[in-house]
Amino acid sequence: MIKTNLMPLSFTDVTVTIYAEAMLGVYELNRIDLLKDVFIWAYERSASVRQSLGEPDPFRMKHREAMREIVQTIALEQLDKKAALSRIAAEAGINVEADERDQFREVAENEI
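Keep in mind the model is a prediction, meaning the values are calculated, not measured.

Cut-offs used in this document
The numbers attached to residues start from 1 for each chain and follow its sequence in the written order. Whole-chain, interface and lining totals are the exception, using all residues; otherwise, since this is a predicted model, local features are given only for residues with pLDDT of at least 70 and side-chain atom pairs are given and counted only at 80 or more. For side-chain calculations, the full set of non-hydrogen atoms in the structure is used, while hydrogens and water are omitted. Axis definition: a line fitted to C-alpha atoms, over the contacting stretch in the case of helices. Angles run 0 to 180 degrees between N-to-C directions. Helical segments are the DSSP runs of H or I of at least four residues, strand segments are the runs of E of at least two, and each set is numbered from the N terminus. When describing relative orientation, an angle under 35 degrees is termed roughly parallel and one over 145 degrees roughly antiparallel, while 65 to 115 degrees is termed roughly perpendicular and anything else oblique. The crossing is said to be left-handed when, going from far helix to near helix, the turn is anticlockwise and less than a right angle, and right-handed when the turn is clockwise. In this analysis, two residues are considered to be in contact whenever any of their non-hydrogen atoms come within 4.5 Å of each other. Residues are grouped as follows: Ala, Val, Leu, Ile, Met, Phe, Trp, Tyr, Cys and Pro are nonpolar; Asp, Glu, Lys and Arg are charged; all remaining types, including Gly, are polar. Working rule for helices: expected span equals 1.5 Å times residues minus one. Working definition: with a 1.4 Å probe on protein chains only, accessible area under 20% of the residue-type maximum means buried, over 50% means exposed, and in between means partly exposed. Picture the helix axis, draw a direction to every C-beta atom, and the arc is the one those directions span. Take the buried Ala, Val, Leu, Ile, Met, Phe, Trp, Tyr and Cys residues and link them wherever side-chain atoms come within 4.5 Å; each set so joined is a nonpolar core. Only Phe, Tyr and Trp rings are paired, with Trp represented by its six-membered ring, and only when their centres lie within 6.5 Å; those with planes under 30 degrees apart are stacked, over 60 edge-to-face, the remainder tilted.

### What about the packing of helix H4 (residues 64-76) against helix H5 (residues 81-95)?
Piece 1. Between H4 and H5, whose axes approach to 10 Å, the crossing angle comes to 150 degrees. It follows from the interaxial angle that H4 and H5 lie roughly antiparallel. Crossing of H4 against H5: the hand is right-handed. On H5, the residues that touch Ile70, Thr73 and Ile74 of H4 are Ala84, Arg87, Ile88 and Glu91.
Piece 2. Looking at the contact of H4 with H5 residue by residue, the class counts come to 4 nonpolar, 1 polar and 2 charged.

Shown next as structure tokens:
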């Protein structure tokens, strides 16, 4: 859903009992009313959560993999702050366009 820019759906607040009863209604009674209500409620709930989070940051999305790799490396190698900042700067110098390097370093530093 996310790849096609649709709102992701989450059933995290739907209890197992309610979901099971809705599915049983479909399979045993051939009625979709309860499942439809559960689906709509869960979708509206997911939409309200996204609205509270705001829109995704295009810069972070663009550099998500590089950021993940840097944070992982820093954690696995147990780098201190000075070494971590040096690693971030080196990664930015190699893999990030010149006009985005400062922003990349700033965002990455906030992740560690």
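Here the narrative resumes, following the displayed structure.
### Topic: H5
Piece 1. The end-to-end C-alpha distance of H5 is 21 Å, a good match for the 21 Å that 15 residues give at a rise of 1.5 Å each.
Piece 2. Regarding H5, the residues found buried are Ala84, Ile88, Glu91 and Ala92. Projected down its long axis, H5 carries its buried residues within an arc of 100 degrees, all on one side. When the buried face of H5 is taken as reference, the exposed residues oriented beyond 90 degrees from it are Lys82 and Ile94.
Piece 3. Buried positions along H5 lie against H4 and helix H6 (101-111).

### Considerations on the packing of H4 against H6
Piece 1. Packing of H4 against H6 leaves a shortest axis separation of 10 Å and a crossing angle of 45 degrees. For the element pair H4 / H6, the angle class is oblique. Read as a crossing pair, H4 and H6 show a hand that is right-handed. Contacts from Ala66, Met67, Ile70 and Val71 in H4 reach Phe104, Val107, Ala108 and Glu111 in H6.
Piece 2. Per-class residue counts for the contact of H4 with H6 are 7 nonpolar, no polar and 1 charged.

### Side note on the nonpolar core
Piece 1. The biggest cluster of nonpolar side chains holds 12 residues, and these are Phe59, Ala66, Met67, Ile70, Ile74, Ala84, Ile88, Ala92, Val96, Phe104, Val107 and Ala108.
Piece 2. No other element matches the 4 residues that H4 contributes to this core.

### Details of the packing of aromatic side chains
Piece 1. On inspection of all chains with the given rule, the structure shows 2 aromatic pairs.
Piece 2. Their ring planes at 65 degrees and their centres at 5.8 Å tell us that Phe11 and Tyr19 sit as a pair that is edge-to-face.
Piece 3. Under the relative-accessibility criterion, Phe11 is labelled partly exposed at 32%.

### Things to note about H6
Piece 1. The complete set of buried residues in H6 reads Phe104, Val107 and Ala108. The arc that holds the buried residues of H6, viewed along the axis, is 100 degrees, so those residues lie on one side. Pointing more than 90 degrees away from the buried face of H6 are the exposed residues Asp102, Glu106 and Asn110.

### Looking at the environment of Glu109
Piece 1. Along the polypeptide, Glu109 turns up in helix H6.
Piece 2. Those residues in contact with Glu109 that lie beyond four places of it in its chain are Leu85 and Ile88.

The values reported here are purely geometric and, on their own, carry no functional implication.
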